[in-house]
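Close look at the chain arrangement
What follows is the residue order along each chain.
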Amino acid sequence: MPTITAFESSPDRGKGHARDMRVRWAFEEVGQPYDVRLVSFTAMKQPAHRALHPFGQIPTYEDGDLALFESGAIVLHIAEHHDGLLPKNADARARAIAWMFAALSTMEPPIVELTMAMLFERDKRWYAERLPGLQDRVRVRLGELSRRLGEADWLDGTFSAGDLMMVTVLRRLHTSGLLDEFPDIAAYVARGEARPAFRRAFDAQLAVFTAASQS
Ligand code: GTB
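Keep in mind the model is a prediction, meaning the values are calculated, not measured.

Calculation notes
Here, residues in each chain are numbered from 1, in the same order as that chain's written sequence. Where totals are concerned, whole chains, interfaces and linings use all residues; where local detail is concerned, this predicted model gives features only for residues with pLDDT of at least 70, and gives and counts side-chain atom pairs only at 80 or more. For side-chain calculations, the full set of non-hydrogen atoms in the structure is used, while hydrogens and water are omitted. Being near a molecule or strand, for a residue, comes down to having at least one heavy atom within 4 Å of it. Think of a polar contact as two N or O atoms within 3.5 Å of one another; within protein, one of them needs to be a possible hydrogen donor and the other a possible acceptor, and neighboring residues in sequence only count if both atoms come from side chains. Surface accessibility in these figures is a Shrake-Rupley result with a 1.4 Å probe; residues are shielded only by whichever protein chains are displayed. Nonpolar residues are Ala, Val, Leu, Ile, Met, Phe, Trp, Tyr, Cys and Pro. Charged residues are Asp, Glu, Lys and Arg, and all others, Gly as well, are polar. Segment limits for the domains were obtained from an automatic or database-derived domain assignment. Throughout, a contact is declared for two residues whenever any of their heavy atoms are within 4.5 Å. Accessible surface is computed with a 1.4 Å probe, and the buried area is the amount of it that two parts give up when combined, taken over both parts together. Following DSSP output, two strands are said to pair if at least two bridges run between them. Helix and strand assignments come from DSSP, with helices taken as H or I runs of at least 4 residues and strands as E runs of at least 2, each series counted from the N terminus. Interaxial angles span 0 to 180 degrees and are taken between N-to-C directions of axes, which are lines fitted to C-alpha atoms, for helices over the stretch in contact.

Right, let's talk about the site of the ligand for a bit. Taken together, the neighbourhood of the ligand is formed by 15 residues, with R19, K45, I58, E70 and S71 sitting nearest. The backbone of D12 places a nitrogen or oxygen atom 3.1 Å from an oxygen atom of the ligand. In this structure, R19 approaches the ligand through a side-chain N or O atom, which is 2.8 Å from an oxygen atom. Considered on its own, the ligand offers 680 Å² of accessible surface; in the complex 79% of this is hidden by protein. Looking at the shell around the ligand residue by residue, the classes come out as seven nonpolar, three polar and five charged.

Below, the structure is given as structure tokens:
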């Protein structure tokens, strides 16, 4: 059984924004059971964990002799070794993988920059001046994504690892108010979150937070 690592106590209080969520969701979509080893912030920086993850972060993945880090690489590995997250047709498969990269390298950076500023820079004197620029950068990408999605349910035909990754990236905007400006993107995120596999993954990571807060 593969084992992943996750926060012992997630700073998002179980909202499913930590990046183990996308790996849990991928496992649930393909029906692969998995173990979770919880790690503290201190343990993450120790040599034993750094041997798995050079940057001392979660998530990691271990299965037999294989150890992986980077949520994108882990989700791709799961998708390539099970049915359900990548189309069989080679071209469609390549396009689904392109959407994974788009989520991680085109959409995620401005979204992370905005949400980090909202979390950690609110009390800075330059925050009010910086915020509109950060929001506009995200708005541009949401507009472009919205135009491409059009009337479709998913980015390229049936639900794929590309959608899984995109939805997990877009979910971080829930508290930003920006999803309200793009109802079609908000509906796309809601479709992803309504999938039974998403619900199971979400409940599993929430249970970790609930247990930690009761102990
Ligand atoms: N590129 C890597 C990947 O995709 O796997 C990034 C991994 C990463 O950022 N891991 C974070 C981590 O381990 C947890 S997910 N941080 C600890 C550290 O660097 O010391 C990032 C995250 C954390 C918290 C929230 N939150 O509270 O909302 C959201 C996302």
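Here the protein chain is described as being made up of domain 1 (3-84 + 197-214) and domain 2 (90-195). If you average the C-alpha positions of domain 1 and of domain 2, the two centres end up 21 Å apart. Contacts between the two partners involve 19 residues from domain 1, matched on the other side by 19 residues from domain 2. Buried area between domain 1 and domain 2, both sides added, is near 1600 Å², and the carbon and sulfur share of it is 61%.

This brings us to the sheet that holds strand β3 (residues 60-63). Across a sheet, paired strands are connected by hydrogen bonds in the backbone, their directions being either parallel or antiparallel. Taken in spatial order, the four strands make up an open sheet running β2-β1-β3-β4, and their pairing is mixed. Looking along the sheet, the strands with just one partner apiece sit at the ends: β2 (35-39) and β4 (66-69). Ignoring which end each strand starts from, the neighbouring axes of this sheet average 25° apart. Where strand β1 (residues 3-7) and β2 come together, five bridges link them in parallel fashion. Each residue of the ladder has a partner; that of I4, found in β2, is V36. Each of β1, β2 and β3 touches helix α1 (residues 20-30); the most contacted strand, β1, lies at about 145° to it.

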